[in-house]
Amino acid sequence: MERTRAILVDITKCVGCRSCEQACKQVHGFPAESEPKLSPTNLTVIEEHGEKFVRKMCNHCQEPACASACLVGALKKTSLGPVTYDAAKCIGCRYCLVACPFSVPRYEWTKLMPFVKKCDMCSARQVKGQPPACVEACPTGASTVGWRDEILEEAERRILGGGYVKHIYGSEEAGGTSVFFISDVPFEKLGFAAPSKQPMPMLTANALGDVPTVVLVGGSLLSGLYWITQRREAVARAEGTIAFPKAHVTNRGTGHDNGNNNDTERS
């Protein structure tokens, strides 16, 4: 994979000011009211776990399950690192919601024309050389952005300095992500998911690979049954074993129904 961008979130430095939340809302034109959970109008959120403030957002997996599950390519991993969403392609199947091991994508259930919403790591800003709005707004340096390999090195350097759990969350989870977390409290106590270390698309590849076979075989069987049914009916008609309904004839002269074929007997 090409060199990509990544974000490091240092939970020990987060003071819960929610500047990242407000910056994200401002960039996307969302209402400024603070929300407790991720939502279609809240793409990053600060959750409180005891005395710790934990930021949640899309983790931008290296091999995203949401993109793998998307039937129309509305979600994709860009060469710069963010996993982006194209609303123009979305058909509303919501498979991405089910596929994501971190339960990140949100759906606009209350709208007549609903779309999926998730953080795109300010992809448009990064293309221009600008940092994500949430990172730029952070006053304590709890969130930083850079090249993924350099961000990982910085995370490792901090951990080796002591005072941190000896693990970089996102370095292995779901095959690796582009958003990393370091903490002085075990991640399981902070509400972090514990997905497989394998990329999620690999775990579903075999099952998904069987889908075309099932469709083809099932379709062929149904077509065969339909042909057999139609063939039997055609043969039965040809042999006269199917009773056709008696013609319902009305006398031309009187307009009365005699219940027989008088008209046909006239010469």
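This structure is a prediction, so every number in the text was calculated from the model and none was measured.

**Looking at the pattern of salt bridges**
- According to the stated counting rule, one finds 14 salt bridges in the structure shown.
- With a closest N to O distance of 3.9 Å, K37 and E47 form a salt bridge. With a gap of 10 residues between them, K37 in the loop between α1 (19–28) and β2 (45–49) and E47 in strand β2 connect regions that are remote in the sequence.
- Residue K37 is classed as exposed on the basis of its relative accessible area of 52%.
- Across the pair K52 and D184 runs a salt bridge, and its minimum N-O distance is 3.0 Å. Linking K52 in strand β3 (residues 52–56) with D184 in the loop between β9 (179–182) and α7 (200–239), this pair joins segments that are 132 residues apart in sequence.

**Some points on empty space enclosed by the protein**
- Per the counting criterion, the structure on display carries 5 cavities of 30 Å³ or more.
- Around the largest cavity sit 16 residues that line it, and C14, C20, I46, C138 and A142 are the ones nearest its centre.
- Where the lining of the largest cavity is concerned, the elements lending two or more residues are α1 and β3.
- For the lining of the largest cavity, the per-class residue count stands at 10 nonpolar, 4 polar and 2 charged.

**Details of the environment of E108**
- Turning to its location among the elements, E108 is positioned in the loop between β6 (106–107) and β7 (116–117).
- Note on E108: relative accessible area 7%, which makes it buried.
- As for E108 and G92, which are separated by 16 residues in sequence, their C-alpha atoms are 9.9 Å apart.
- Within polar-contact distance, the side chain of E108 engages the side chain of K111 at 3.2 Å.
- Separated by 2.9 Å, the side chain of E108 and the backbone nitrogen of F115 make a polar contact.

**Focus on the packing of aromatic side chains**
- Applying the stated criterion across every chain, the model contains 7 aromatic pairs.
- Ring centres 6.4 Å apart and planes at 70° place the aromatic pair F102 and Y169 in the edge-to-face group. Pair noted here: F102 is in the loop between α3 (95–99) and β6 and Y169 is in the loop between α6 (148–160) and β9, with a separation of 67 residues, a long-range link. A single burial state applies to F102 and to Y169, both of which are buried.
- Ring plane angle 80° and centroid distance 5.2 Å describe the contact between F187 and F192, whose orientation is recorded as edge-to-face. This pair shows no difference in class: F187 is buried, exactly as F192 is.
- What links up through ring pairs into an aromatic cluster is the set F102, Y169, F181, F187 and F192.
- Lying across the ring of F192, K56 places its NZ or CZ 5.0 Å from the centre.
- A cation over an aromatic ring shows up here: R94 above the ring of Y107, its NZ or CZ 5.0 Å from the ring centre.

**Quick notes on the nonpolar core**
- Formed by 31 residues in total, the largest nonpolar core has its most connected members in I7, I11, F102, V179, F181 and F192.
- When residues of this core are traced back to their parent elements, those giving at least two are β1 (5–10), α1, α5 (133–137) and β9.
- Beyond its immediate chain neighbours, meaning those up to four positions away, F181 contacts V9, I11, R55, N59, H167, I168, Y169, F187 and F192.
- If you look at the next biggest cluster of nonpolar residues, it comprises 10 residues, including A6, I151, F180 and I182.

**Concerning the sheet that holds strand β8 (residues 143–147)**
- Pairing within the open sheet is mixed, and its 3 strands lie in the order β8-β1-β9. The outermost strands of the open sheet, each flanked by one partner alone, are β8 and β9. Averaged over all adjacent pairs, the angle separating strand axes in this sheet is 25°, with direction ignored.
- The sheet contact formed by β1 and β8 spans 5 bridges and is antiparallel. From the neighbouring strand, L8 faces β8, where its bridge partner is T144.

**Description of the pairing of β2**
- Pairing of β2 with β3, which is carried by 5 bridges, proceeds in the antiparallel orientation. Across the sheet, residue V45 finds its bridge partner in β3, namely K56.
- Linking β2 to β3, which pair antiparallel, is a turn of 2 residues; within it G50 sits at a positive phi near 65°.

Conventions we followed
- Residues numbered from 1 in each chain as written.
- Predicted model: local features only at pLDDT ≥ 70, side-chain atom pairs only at ≥ 80, totals over all residues.
- Heavy atoms only, no water.
- Salt bridge = Lys/Arg side-chain N within 4 Å of Asp/Glu carboxyl O.
- Helix = DSSP H or I, 4+ residues; strand = E, 2+ residues; numbered from the N terminus.
- Buried < 20%, exposed > 50% of the residue type's maximum accessible area, 1.4 Å probe, protein only.
- 1 Å grid on protein atoms, 1.4 Å probe; cavity = no way out; pocket = protein on both sides within 12 Å on 5 of 7 lines; lining within 4 Å.
- Points joined across faces, edges and corners; volume = space filled by probe spheres on them.
- Nonpolar A, V, L, I, M, F, W, Y, C, P; charged D, E, K, R; others polar.
- Polar contact = N/O pair within 3.5 Å; in protein donor to acceptor, adjacent residues only side chain to side chain.
- Phe/Tyr/Trp six-rings, centres within 6.5 Å; stacked < 30°, edge-to-face > 60°.
- Lys NZ or Arg CZ within 6 Å of the ring centre and 35° of its normal.
- Core = buried A, V, L, I, M, F, W, Y, C linked by side-chain atoms within 4.5 Å.
- Contact = heavy atoms within 4.5 Å.
- Pairing = 2+ DSSP bridges.
- Axes fitted to C-alpha atoms, helices over the stretch in contact; angles between N-to-C directions.

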